[in-house]
Amino acid sequence: MRISWLMIAGYGLLMAAFDAACGASYDEMWRPQVHYSPPAMWMNDPNGLIQIDGQYHLYFQHHPASKVWGPMHWGHAISNDLMHWTTMPIALAPDSHGAIFSGSAVQDRQHSSGLSVQEDQPIVAIFTYHDHEAEAANRVEIESQGAAYSLDKGRTFQKLPSPVLANPGKRDFRDPQVQWNAASHQWLMTIVATDHVEFYTSADLKKWNYESEFGREQGDHSGVWECPNLIRMTGVDDGEAHDVLMVSVGPKGPSARGGVQYFTGRFDGQRFRMDPGSHAQWLEYGTDYYAAVTWNRDTTPPESPPVLLGWMNNWLYATKVPTDPWRGAMALPRNLKLAGRTPTLRLEASPLQALTELRDPGRHQDRIDAGQWASFPASTSPMSGAYDISFQLTMEGDGEALLALENGVGQSVGIEIDPLRAKMTVRRHTSGHVDFDARFSDPLEAALPLGRSEHDVRIIIDRSSMEIFFDNGAATLTAQVFPDESFDRLRWVGGADVHLHDLAIYPLRSIWSSQSGHEAENP
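Residues numbered from 1 in each chain as written. Predicted model: local features only at pLDDT ≥ 70, side-chain atom pairs only at ≥ 80, totals over all residues. Heavy atoms only, no water.

(A) Up close: the overall build of the protein chain. On a plain count of helices and strands, the protein chain comes out with 2 helices and 34 strands. With the principal axes as the frame, the protein chain shows a C-alpha extent of 65 × 55 × 45 Å. Here the protein chain, with 523 residues, has 59% of them falling under the buried criterion. Carbon and sulfur atoms form 49% of the exposed surface of the protein chain, whose accessible area is close to 20,000 Å². In the protein chain, which carries 41 positive and 65 negative side-chain charges, the distance between the mean positions of the two groups comes to 3 Å. (Helix = DSSP H or I, 4+ residues; strand = E, 2+ residues; numbered from the N terminus. Buried < 20%, exposed > 50% of the residue type's maximum accessible area, 1.4 Å probe, protein only. Areas by Shrake-Rupley, 256 points an atom, 1.4 Å probe, with all protein chains shown as cover. Lys, Arg positive; Asp, Glu negative; His and termini not counted. Charge placed at Lys NZ, Arg CZ, Asp CG, Glu CD.)

And the structure:
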């Protein structure tokens, strides 16, 4: 039975994926125009983010035969600038060990794996095998870690015959992030085990040794831990090196939405310790940002900020959102910086500079008074519907204010600003199609940076999403929306103590060519 199913997965699903890719127009209703989405079918977590010879590779969780989650494959797309994407053939498919869950990819520059007899440096993917048959039998040991290598710069992979890390008796044992630890001259794996993170080391990417764990008594435990990401960053304010550990928390229960939490501290090659006096923090305030991980890059200076990518959806309603023929998209890639000082370090995230290169001529307005509105200028792209909006807010008292994004059929998203409580509330219950899940209409709240009377605000709108960046990413909120028509105006309801000025609205050109939906303009 298993052989027959795998033959279908290995051939029938791949052919279906190619057929879907050739048929996608990338101009469908709600199709993102400045975000990556697959031509068709299901997508969730980003995987194996790596830069090879200057080209960026995005692998992702993908079910090529359905718009709902199922036997996971690794989809694949490439880009030269992290904005324009070319969808490639599926990179990894299920086999007798199980489906292909999340993981990472590295370039073995040291040739430590022995997987290449030539001078070429192999690309090695480390991923989780998920055994659905073992899960159906209610076994605990349903996940192990597999490996595959590529000798053609990440285009195709050859799997190793057996998992490289067996299950140690833990049910949710997955999502390995692998990186080279130059200080200890060995490979480091960061992996989750239900409610905590574990660290393993290896000399050759094939034999792994347990080192330590972190998190059983730290952070949020409202859901299972997933998609760990450990990075070293230099603080922009103190100039010192810090380690940041990010972990996604799956939604569990009616009030838990899930999200990405992070810890600051120090990893010594074996063990991660939080900074004394610090605490877990949320990376994002929106519901639609999950499984965020950073790129392994090869050509950027070491002082360059990490680039983060997250899945723009939420497990509460991910299988219900009304898009077709695809379901799932990535959020914008974001530059990360570490601000503040120990123990109050904080991550800030902002869009890449490459996004501004998509701007068409914009509209500028010095000030908008209460009750006024500003229409969005037209794009030169025949496939439009995305905008880059920025403005400043001046708060002179404690009075609340309201900003609304509207379209021509009476649908809107409300953004409320409360200076007294330093809070922003986004309401999308009148944004369009919301009835696919009752929780989708719940208000979204974000804490605003304290101690400021002036705030810089940037909102990136696409056909089915909005991403809000307060004060260059000190607070971010990502939310999906499904209006019947694209939002095309901004209305400032205003308030006696809050003023909106220095408004700029830029249409954004589509990243997709008009001839072929699965070929980017900059392959």
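Next, the rest of the story.
(B) Structural context of the sheet that holds strand 19 (residues 307-311). Sheet architecture is open: 4 strands sit in the order 18-19-21-22, paired in antiparallel fashion. The strands lining the two open edges of the sheet, one partner per strand, are strand 18 (290-294) and strand 22 (346-351). Across this sheet, the average inter-strand angle for adjacent strands is 35°, counted without regard to direction. Sheet topology note: the strand 19/strand 21 (residues 334-339) ladder contains 2 bridges and is antiparallel. Across the sheet, the residue bridging to leucine 308 is arginine 334, located in strand 21. (Pairing = 2+ DSSP bridges. Axes fitted to C-alpha atoms, helices over the stretch in contact; angles between N-to-C directions.)

(C) Inspection of the nonpolar core at higher detail. Core analysis: the largest hydrophobic core is formed by 37 residues, its most contacted members being Ile389, Phe391, Met424 and Ile459. In terms of residues, this core owes the most to one element, strand 25 (residues 386-395), which gives 5 residues. Excluding its chain neighbours within four sequence positions, the residues that come into contact with phenylalanine 391 are Leu403, His455, Asp456, Val457, Ile459, Leu490, Leu500, His501, Asp502 and Leu503. One finds Trp295, Leu332, Met383 and Ile511 within the second-largest nonpolar core, a separate group that totals 30 residues. (Core = buried A, V, L, I, M, F, W, Y, C linked by side-chain atoms within 4.5 Å. Contact = heavy atoms within 4.5 Å.)

(D) Broad picture of a negative patch on the surface. On the surface, Asp366, Glu396, Glu454, Asp456 and Asp502 cluster together to form a negatively charged patch. With respect to the element layout, aspartate 456 can be found in strand 30 (residues 454-462). Its relative accessible area of 31% is what places aspartate 456 among the partly exposed residues. (Patch = residues over 30% accessible without salt bridge, like charges linked within 9 Å, V, L, I, M, F, W, Y side chains within 5 Å. Salt bridge = Lys/Arg side-chain N within 4 Å of Asp/Glu carboxyl O.)

(E) Main features of the environment of threonine 319. Within the secondary structure, threonine 319 is located in the loop between strand 19 and strand 20 (326-327). Among the residues examined, threonine 319 registers a relative accessible area of 35% and is labelled partly exposed. Spatially, the C-alpha atom of threonine 319 lies 5.3 Å from that of valine 68, the residues being 251 residues apart in sequence. For threonine 319, the residues in contact, after removing those within four places along its chain, are Trp42, Val68, Trp69 and Arg327.

(F) The arrangement of the confidence of the model for the protein chain in detail. Taken as a whole, the protein chain shows an average pLDDT of 91; of its residues, 92% reach a score of 70 or greater. Overall, residues 1-9 carries pLDDT values under 50, and its contacts beyond four positions in sequence, including any with other chains, amount to 13 contacts. Of the regions scoring below 50 in pLDDT, residues 515-523 engages in 27 contacts with residues more than four places distant in sequence or in other chains. (pLDDT = per-residue confidence, 0-100.)

(G) The arrangement of the sheet that holds strand 30 in detail. The 6 strands are arranged 23-34-25-30-31-32 in an open sheet whose pairing can be described as antiparallel. The strands lining the two open edges of the sheet, one partner per strand, are strand 23 (363-368) and strand 32 (475-480). Direction aside, the axes of adjacent strands within the sheet are offset by 15° on average. Alignment of strand 25 against strand 34 (residues 498-508), held across 9 bridges, turns out to be antiparallel. When the bridges of strand 34 are listed, alanine 386 appears paired with leucine 508.

(H) Focus on unusual backbone geometry. Cis geometry marks the peptide bond from aspartate 324 to proline 325, where omega comes out at 15°. In this fold, proline 325 is placed in the loop between strand 19 and strand 20. Here threonine 342 and proline 343 are connected by a cis peptide whose omega angle stands at 5°. Mapped onto the fold, proline 343 is located in the loop between strand 21 and strand 22. A positive phi angle, close to 65°, is found at threonine 194, a residue other than glycine. For threonine 194, a relative accessible area of 31% puts it in the partly exposed group. At asparagine 472, a position not held by glycine, the phi torsion is positive, near 55°. Counting through the fold element by element, asparagine 472 comes out in the loop between strand 31 (465-470) and strand 32.

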